[in-house]
Each structure stands twice: as structure tokens, then as C-alpha cells.
Amino acid sequence: MDATVETPATRRIRVWDLPTRLSHWAIVTLFGICWWAAKSDHMRWHRIAGYAMIGVVWFRLAWGFWGGQTARFSDFVRGPTTTLRYVRKLLSRGIDDAPTPLGHNPLGALSVLAMFALLVSQTTSGLFAVDVDGVASGPLAHWVSFDTGRRFAHWHATNFHLLLALIGVHLCAIAYYRFARHEKLVPAMIHGCKAPASTAAAPYFVSRWRAVWLAAGILLGVILLVNAR
Ligand code: HEM
Ligand code: HEM
């Protein structure tokens, strides 16, 4: 698959593959639907969007092992030394000297991991949550006692506020890169391409059929999970 788009004046490189971009915007949309549905008491919609969220999150986590280069955790998760070095460069040598990797930078990688951890925690706690009168409950709530179900519901509510805080940080970081470093990360997450300052090599990608098979497997898994008795 050709990953570069050359024009006489600019060199654009495809950085994010389609499954990664689709997963991101699906997460954003489903998060909005879950939030709206919970707050307006449309619990049927909350469950449907929540199930879809489970599928998208697990798909993206699996794509972190089998997807294209920039989607892989092995590509962007760095150790504390590299992350600290990146932060020090960002702070001391001035913003323009800090190297910008094609995919997530070492600091962004930390927030990506934290966001996925909170999304897993949000969706898993929802599966077991019971509301105060026992009417709205997750599909696996019958596996636990009412009190445990209530504890899951409390965790679900607390975790939601942690997620909101992290999303606030996420959006501030994107605004910082846009206005302080003149890097437009959002269009890249839409069309997938960046114009790198350096002569960085184009990342590799994998067949989209792999994404289709993975998505089909995860869909089956979610159907079995939410119907488990
Ligand atoms: C990222 C996805 C999700 C988000 C953002 C989310 C968000 C929320 C929010 C904000 C509430 C209201 C909490 C409150 O103010 O008391 C709620 C309640 C609830 N959610 Fe979710 N949720 C998600 C996924 C799920 C999933 C997958 C399920 C499983 C079916 C689920 C089941 C429930 C239940 C049963 C309640 C009612 C708990 C109660 O009233 O105490 N949620 N959710
Ligand atoms: C309209 C609001 C949002 C915008 C404009 C936005 C934009 C972006 C951009 C530009 C990136 C790529 C960052 C980079 O280049 O390193 C990104 C990554 C990410 N965002 Fe958002 N985001 C939004 C909302 C959210 C929400 C609500 C969540 C979670 C609930 C979220 C979770 C993530 C995650 C997990 C990644 C990593 C993507 C991956 O590697 O698959 N974002 N976002």
C-alpha cells in the first residue's frame, strides 16, 4: 500500500490507517451518546451505545498488536527514560527543538494508555452496574449481589468523571500543539496524513481485511458476552 502522497512543494505521509481513525471517531461519537443517554434516562440507548463502545475499544486494543505501525503499542509506548528526555527537550530547549514522532509522541502515548484503561474500566463496570431501584442494570449484573452491583455503579459514575477530566487534558494538549507548535493533529486524525518536517520514513500498514476479520470476531465476542447467562 503506497503510504506517501508527493506533490512538488510538499511531502505528505500517511500516518494513521483507516481502522485507527474510524475507531477514534467512533469512540468520540459513542462517548457522546452514552453520556447523553445516561443523563436523559434513555437507558436502552445507553446500553446499545455502551455495547458498541465495548466492541470498538477492544477492537482498537487488538489493533494495537496486529494493526499498522503507528497503531501498535510497541511503536509508541516508550520507557520512562525516553519519555522524560522528551519532556525535558520540550521544556528546556524550546518547543521547536523537541523531536516530533510521526505517530503519538512519548507523552501523548501516556494519555492514550490512560484513556484506554479508563474506557475499559468504564465499559466493564457498566456490565455489572445496578441502579438504586434495580431497574436499570448491566447484562452481567445478575452474576453479582445487589450491593456489589451498586458498588460497580458508583465506580461507573466516578470513572466517568475521571474520563471527562482526561478528555479535557486531551483537548488542551491538542490545542497546545495547534497554537504553540503549529501542528494540526486533528486533520491528521481525519484524513490520516501529515507533512513531516524531517525526512522520516513512511510507516508500514497492514491489509484492511485483517481489520474486517478482527472486527467480525470482536462483534461475535460482544454478542456472546452481553447474552451470557
Ligand atoms: C464509555 C462508555 C460509557 C459511558 C461514558 C457511560 C456513562 C454513564 C453515566 C454518566 C452514567 C450515569 C451515572 C450517574 O450519574 O449515576 C451511567 C449509568 C449507567 N451505565 Fe453507563 N456508561 C458507559 C458504558 C456502559 C455500559 C457498556 C453499560 C452496560 C450495559 C453501562 C451501564 C450503565 C448502567 C446500568 C447505569 C445506571 C447506574 C445507576 O443508575 O446507578 N454503561 N453510565
Ligand atoms: C472532538 C473531540 C476530540 C478531538 C478533536 C480529538 C482529537 C484527537 C487527535 C487529533 C488525536 C491524535 C493525537 C496524536 O496525534 O497523537 C486523538 C487521539 C486519541 N483520542 Fe481523541 N479527540 C477527541 C475526543 C476524544 C474522546 C472523547 C476520547 C475518549 C473518550 C478520545 C480518545 C482518544 C484516544 C484513545 C486517542 C488515541 C487514538 C489511537 O491511537 O487510536 N478522544 N484524538
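For the structure, see preceding data.
First, a word on what this report is: a plain description of the structure on this page. Not measured: the values here are computed from a predicted model.

Although it is not a glycine, Asp41 sits at a positive phi angle of roughly 65°. Its location among the elements puts Asp41 in the loop between helix 1 (18–39) and helix 2 (43–66). Residue classification places Asp41 among the exposed residues on the basis of 10 C-beta atoms within 10 Å. The backbone of His182 sits at a positive phi, close to 55°, despite the residue not being glycine.

Another aspect to go through is helix 1. Relative to the 32 Å expected for 22 residues at 1.5 Å per residue, helix 1 spans 32 Å between its end C-alpha atoms, a close match to the ideal helical length. Lining the buried residues of helix 1 we find helix 2 and helix 8 (208–226). Of the residues flanking the end of helix 1, it is Asp41, one or two places downstream, whose phi is positive at about 65°.

Lining the immediate surroundings of ligand 2 are 18 residues, of which His104, Gly108, Met115, Leu185 and Met189 lie closest. Within the residue set of the shell around ligand 2, elements represented by two or more residues are helix 1, helix 5 (106–128), helix 6 (146–179) and helix 7 (185–191). Looking at the shell around ligand 2, the element that brings in the most residues is helix 1, giving six residues. For the shell around ligand 2, a count of residues per class yields eleven nonpolar, six polar and one charged.

The rules we used
Residues numbered from 1 in each chain as written. Chains lettered and ligands numbered in written order. Predicted model: local features only at pLDDT ≥ 70, side-chain atom pairs only at ≥ 80, totals over all residues. Helix = DSSP H or I, 4+ residues; strand = E, 2+ residues; numbered from the N terminus. Buried ≥ 20, exposed ≤ 12 C-beta atoms within 10 Å, placed from the backbone. Expected span 1.5 Å × (residues − 1). Contact = placed C-beta atoms within 7 Å. Near = placed C-beta within 6 Å. Nonpolar A, V, L, I, M, F, W, Y, C, P; charged D, E, K, R; others polar.

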